[in-house]
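Analysis of the macromolecular model
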Amino acid sequence: MSKYLVIQSSVRGADSASGQLADRFKNQLRTIPDNEIVERDLGGNPLPVLDGALLGALFTPADGLDAEQKAQRALVTALIDELKAADTVVLSAGMYNFGAPVQLKTWFDYVLQAGRTFQYTASGPEGLMKGKRAILLVATGGVYSEGPAATADFMVPHLKQLLAFIGITDVTVVRAEGMALGPDAARAGLEKALSEVGTLQENLLAYR
Ligand SMILES: Cc1cc2nc3c(=O)[nH]c(=O)nc-3n(C[C@H](O)[C@H](O)[C@H](O)COP(=O)(O)O)c2cc1C
């Protein structure tokens, strides 16, 4: 059995290009009966952005927590447990201001926890999520895979860095590019990415 954690982060619902990539991918996964898929829709059900109370909940001994802090801590534990259980983590996101949207960044703020998903050792930090792989399904208004804007892509390198920090270095990226370059370019960019998602199926079967 292969376990997938699929996290979508666009706030645009059915109009979302990155969401359409994730939906196509999930539909493919469902054709293989013993795949287990856990889903999180961070666009539709956003995680509260990290604040002082939440930080307190994470770093206060359990017996000192009030009811709200206990609920916050339980949510963080649930998110980390979902990540730990997955063989493959699928993250879909549209680029906002050259980076990942806050909805997805917040998920990382919750799950990157010392002692749980990484640890500090005498020789530096060590990821504890080794052996998993990740698939990034990203949508961008412009084109970043090549050309003059390539150096302005702070989303994919950042996401890769966050994943590497917890030990996930096997990362496949599918890009729907040109979503803001007019209807023809957007359609072509999305179709190309959807087709790439289609070919992931073969790799998935090989990976099992
Ligand atoms: C607030 C905002 C900021 C954006 N910033 C960028 C950007 O920096 N670079 C870019 O190429 N596209 C940018 N876009 C366009 C989105 O990346 C594009 O619409 C993408 O399709 C959004 O993902 P989604 O369709 O999955 O929601 C931005 C869109 C919004 C709404």
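Further up the page is the structure itself.
Model, not experiment: these values are computed from the prediction.

**A word on unusual backbone geometry**
A positive phi angle, near 50 degrees, is found at asparagine 97, a position not held by glycine. Phi is positive for phenylalanine 98, close to 70 degrees, though the residue is something other than glycine. Within the element layout of this structure, phenylalanine 98 appears in the loop between strand S3 (88-94) and helix H4 (102-111).

**A word on the sheet that holds S3**
Spatially, S2-S1-S3-S6-S7 is the arrangement adopted by the five strands of the open sheet, whose pairing is parallel. Either end of the sheet is taken by a strand with one partner, and the two such strands are strand S2 (36-41) and strand S7 (170-176). Looking at each pair of strands side by side, their axes are set apart by 15 degrees on average, direction ignored. Bridge analysis of strand S1 (residues 3-8) against S2 gives six bridges, and the strand direction is parallel. Following the sheet pairing, lysine 3 is matched in S2 by glutamate 36. Along the sheet, helix H3 (residues 67-85) contacts S1, S2 and S3; its crossing angle with S2, the most-contacted strand, is approximately 140 degrees. The strands that helix H5 (residues 155-165) touches are S3, strand S6 (133-139) and S7; relative to S6, the one it contacts most, it runs at about 160 degrees.

**What about the packing of H4 against H5?**
The relative placement of two packed helices is expressed as an angle between their axes plus a distance between the axes. The interhelical angle for the contact between H4 and H5, taken along N-to-C directions, is 15 degrees, at an axis separation of 11 Å. On the basis of the axis angle, H4 is roughly parallel to H5. Viewed along their axes, H4 and H5 form a crossing whose handedness is left-handed. On H5, the residues touching Leu104, Lys105 and Phe108 of H4 are His158, Leu159, Leu162 and Leu163. Along the lines of polarity and charge, the residues of the contact of H4 with H5 split into five nonpolar, one polar and one charged.

**Overview of the packing of aromatic side chains**
The geometry of an aromatic ring pair comes down to the distance between the two centres and the angle between the two planes. Per the counting criterion, the structure on display carries four aromatic pairs. A ring pair is formed by phenylalanine 118 and tyrosine 120, whose centres lie 5.2 Å apart and whose planes are at 90 degrees; its orientation type is edge-to-face. Under the relative-accessibility criterion, phenylalanine 118 is labelled buried at 6%. Within the aromatic cluster, the residues linked to one another by ring pairs are Phe118, Tyr120 and Phe165.

**So, H5**
If you check which residues of H5 are buried, you get Met155, Val156, Leu159, Leu162 and Leu163. Axial view of H5: buried residues confined to an arc of 125 degrees, hence all on one face. On the buried face of H5, the contacting elements are S3, H4, S6 and S7. Remark: glycine 167 follows H5 within two positions and exhibits a positive phi of approximately 100 degrees.

**Quick look at the pairing of S7**
Of the strand pairs in this sheet, S6 and S7 are connected by seven bridges, and their pairing is parallel. From the neighbouring strand, leucine 137 faces S7, where its bridge partner is valine 174. Crossover connection from S6 via H5 to parallel S7: handedness right-handed.

**With respect to the side chain of serine 9**
Examined against the element boundaries, serine 9 turns out to sit in the loop between S1 and helix H1 (17-30). Side-chain polar atoms of serine 9 contact the backbone oxygen of serine 92, separated by 2.7 Å.

**A few points about the pattern of salt bridges**
Enumeration over the complete set of coordinates arrives at nine salt bridges. The partner of lysine 26 in a salt bridge is glutamate 39, with the nearest N and O atoms 2.8 Å apart. In this pair, lysine 26 sits in helix H1 while glutamate 39 sits in strand S2, placing the two residues 13 residues apart along the sequence. Glutamate 196 is the partner of lysine 192 in a salt bridge, and the nearest nitrogen-oxygen pair spans 3.2 Å. Of this pair, lysine 192 and glutamate 196 both sit in helix H6 (residues 183-207), separated by four residues, roughly a single helical turn. Looking at lysine 192, the relative accessible area reads 53%, which means it is exposed. By relative accessible area, glutamate 196 is classed as partly exposed at 26%. Among the charged side chains, a salt-bridge network with shared partners connects Asp23, Lys26, Arg30 and Glu39.

What counts and how
Residues numbered from 1 in each chain as written. Predicted model: local features only at pLDDT ≥ 70, side-chain atom pairs only at ≥ 80, totals over all residues. Heavy atoms only, no water. Helix = DSSP H or I, 4+ residues; strand = E, 2+ residues; numbered from the N terminus. Pairing = 2+ DSSP bridges. Axes fitted to C-alpha atoms, helices over the stretch in contact; angles between N-to-C directions. Contact = heavy atoms within 4.5 Å. Parallel < 35°, antiparallel > 145°, perpendicular 65-115°, else oblique. Left-handed = near helix turned anticlockwise from the far one by under 90°. Nonpolar A, V, L, I, M, F, W, Y, C, P; charged D, E, K, R; others polar. Phe/Tyr/Trp six-rings, centres within 6.5 Å; stacked < 30°, edge-to-face > 60°. Buried < 20%, exposed > 50% of the residue type's maximum accessible area, 1.4 Å probe, protein only. Arc of directions from axis to C-beta. Right-handed = clockwise from strand over helix to strand, strands pointing away. Polar contact = N/O pair within 3.5 Å; in protein donor to acceptor, adjacent residues only side chain to side chain. Salt bridge = Lys/Arg side-chain N within 4 Å of Asp/Glu carboxyl O.

Remember, this is a structural readout, not a statement about activity or role.
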